[in-house]
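Chain by chain, the residues run as shown.
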Amino acid sequence: MRPQVVAHRGASATEAEHTLGAYLAALDEGAEGLECDVRLTADGHLVCVHDRSLRRTGSSAGLVSTSDLADLAELDFATWKRPWADLDDEAEEPDEDMGRVLTLRKLLETVADYDRRVEVAIETKHPTRYGGLVERRLVDLLRNFGWHRAGAPVRVMSFSFTALQRVERHAPEMQLVQLVERASYWPMLRRAVGREWTMGPGIKLVREHPEIVERMARHRDVHVWTVNNEEDLQRCLDLGVKAVITDRPGHLVDLLDRRERDDQ
Ligand code: G3P
Ligand code: CA
């Protein structure tokens, strides 16, 4: 079966990650899902930012967790991706609104308004000073959309088993994805994770220990990150992976379309 193509932080190979511009580009390229990392601001808003620090993507010395949303709204989250644009006369003028901090609410509204079904894979980042408040706020927000129930176009992912247990307590019907970075975590996780949970190994684990991923796939759905080329896509297809999370959604959609055409 064809795996779902999920844009990792948006079309992040070409656009500045986690910006509205990156997500709209991913949708234009045919992504069926959008992945985002979420963190809480000091005044309690969930924003789509990967790092704890603002240095890499916000060109600022602060932290997400000690900034208010209004502080983050002043920052430019796009320029770091095109550092030479100022020197390039032929570079397109950027749309500043597309490069501002993106709240999870805005991303969900975008998906809700889109003219086809799009799924959102939301990753809560830990450790964080706000601990379980992140999952509480996340479920509250999803409840506003009526998306805390089975069949909702969202799922929650985390490397933290405890975080996913919290989501399960607050929203028992939510689809959960246990991210797994190392093969050595599997023996413990396989006993602990819920029977309905999806497993989310990284591509390194898939390359180095396909036998473990094959075991994961026997009883559960498997979603793999980050799958950016044909060789890795083939590894995932061989294992029956249900979703591939990629920085290059257009490329993966094209590869899968071409394979379907060749099979006809
Ligand atoms: O989709 C899961 C993947 O995003 C986990 O790693 O560091 O990119 O958040 P990271
Ligand atoms: Ca992530």
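In what follows, the structure referred to is the one given above.
Read on for a plain summary of the structure.

Criteria and cut-off values
Residues numbered from 1 in each chain as written. Chains lettered and ligands numbered in written order. Predicted model: local features only at pLDDT ≥ 70, side-chain atom pairs only at ≥ 80, totals over all residues. Heavy atoms only, no water. Near = heavy atom within 4 Å. Polar contact = N/O pair within 3.5 Å; in protein donor to acceptor, adjacent residues only side chain to side chain. Areas by Shrake-Rupley, 256 points an atom, 1.4 Å probe, with all protein chains shown as cover. Donors = N, O, S within 2.8 Å, 3.2 Å for Na, K, Ca; no water. Tetrahedral: all angles 85-135°; square planar, octahedral: opposite > 155°, others 65-115°. Axes fitted to C-alpha atoms, helices over the stretch in contact; angles between N-to-C directions. Helix = DSSP H or I, 4+ residues; strand = E, 2+ residues; numbered from the N terminus. Parallel < 35°, antiparallel > 145°, perpendicular 65-115°, else oblique. Left-handed = near helix turned anticlockwise from the far one by under 90°. Contact = heavy atoms within 4.5 Å. Nonpolar A, V, L, I, M, F, W, Y, C, P; charged D, E, K, R; others polar. Buried < 20%, exposed > 50% of the residue type's maximum accessible area, 1.4 Å probe, protein only. Pairing = 2+ DSSP bridges. Right-handed = clockwise from strand over helix to strand, strands pointing away. Salt bridge = Lys/Arg side-chain N within 4 Å of Asp/Glu carboxyl O. Patch = residues over 30% accessible without salt bridge, like charges linked within 9 Å, V, L, I, M, F, W, Y side chains within 5 Å. Lys, Arg positive; Asp, Glu negative; His and termini not counted. Charge placed at Lys NZ, Arg CZ, Asp CG, Glu CD. Arc of directions from axis to C-beta. Phe/Tyr/Trp six-rings, centres within 6.5 Å; stacked < 30°, edge-to-face > 60°.

For the rest of this paragraph, the subject is the site of ligand 1. Surveying the vicinity of ligand 1 reveals the residues His8, Arg9, Glu35, Asp37, His50, Glu123, Lys125, Met157, Phe159, Leu179, Trp225 and Ile245. In this structure, an oxygen atom belonging to ligand 1 sits 3.1 Å away from a side-chain N or O atom of Glu123. Taking Lys125, its side chain carries an N or O atom lying 2.7 Å from an oxygen atom of ligand 1. For ligand 1, the accessible surface in isolation is 290 Å², of which the surrounding protein chains cover 89%.

Attention now goes to the coordination of the calcium ion (ligand 2). Distances from the calcium ion (ligand 2) to its protein donors, Glu35 (OE), Asp37 (OD), Asp37 (OD) and Glu123 (OE), fall at 2.1 to 3.2 Å. Viewed at the metal, the 6 donor atoms of the calcium ion (ligand 2) are separated by angles of 44 to 172°, and the geometry they form is irregular. Summarised as a motif, the one-chain spacing of the donors to the calcium ion (ligand 2) is E-x1-D-x85-E.

Running from amino to carboxyl end, helix α4 (residues 104–113) crosses helix α5 (residues 133–144) at an angle of 30°, the nearest separation of the two axes being 11 Å. Of the possible angle classes, the one that applies to α4 and α5 is roughly parallel. You can see that α4 and α5 cross each other, and the crossing is right-handed. For the pair α4 and α5, contact is made by Leu104, Arg105 and Leu108 and by Leu138, Leu141, Leu142 and Asn144, respectively. Of the residues assigned to the contact of α4 with α5, the class counts are 5 nonpolar, 1 polar and 1 charged.

Here the focus is the side chain of Glu17. Within the secondary structure, Glu17 is located in the loop between β1 (4–8) and α1 (20–28). Within the structure, the side chain of Glu17 is placed 2.8 Å from the side chain of Arg56, a separation counted as a polar contact.

The element strand β6 (residues 175–180) is largely enclosed, with a buried count of 5 among its 6 residues. Where strand β5 (residues 154–158) and β6 come together, 4 bridges link them in parallel fashion. Note that in β6 the partner of Val156 across the bridge is Leu176. Taken together, β5, helix α6 (residues 161–170) and β6 constitute a β-α-β crossover, and its handedness is right-handed. Across 4 bridges, β6 lies against strand β7 (residues 198–201) in parallel orientation. Directly across from Val177, in β7, lies its bridge partner Thr198.

Before going further, it helps to examine the pattern of salt bridges. Throughout the structure, instances matching the rule amount to 21 salt bridges. Between Glu260 and Arg2 there is a salt bridge, and its shortest N-O distance comes to 3.3 Å. With Glu260 in helix α11 (residues 249–263) and Arg2 in the segment before β1, this residue pair connects regions lying 258 residues apart in the sequence. Accessibility expressed as a relative area gives 25% for Arg2, which makes it partly exposed. For Arg155, the salt bridge is made with Glu119, and the minimal N-O distance between the two is 2.9 Å.

On the surface, Glu15, Asp28, Glu29 and Asp254 cluster together into a patch of negative charge. You can see Asp254 is positioned in helix α11.

So, about helix α10 (residues 230–238). Residues of α10 that are buried: Asp232, Leu233 and Cys236. All buried residues of α10 fall inside an arc of 105° around its axis, so they share one side. When the buried face of α10 is taken as reference, the exposed residues oriented beyond 90 degrees from it are Glu231 and Asp238. Buried residues along α10 sit against α8 (203–208), β8 (223–225), β9 (243–246) and α11. The backbone nitrogen of Glu231 has a side-chain oxygen 3.2 Å away, supplied by the residue at the start of α10, namely Asn229. The positive-phi residue at the C-terminal boundary of α10 is Gly240, with phi of around 70°.

Inspection of every chain in the model, using the stated rule, returns 3 aromatic pairs. Measuring from centroid to centroid gives 5.6 Å for Phe161 and Trp197, while their planes differ by 45°, and the two rings are tilted. Of this pair, Phe161 sits in helix α6 while Trp197 is found in the loop between α7 (186–192) and β7, placing the two residues 36 residues apart along the sequence. Taking relative accessible area as the criterion, Phe161 reaches 22% and is therefore assigned partly exposed.

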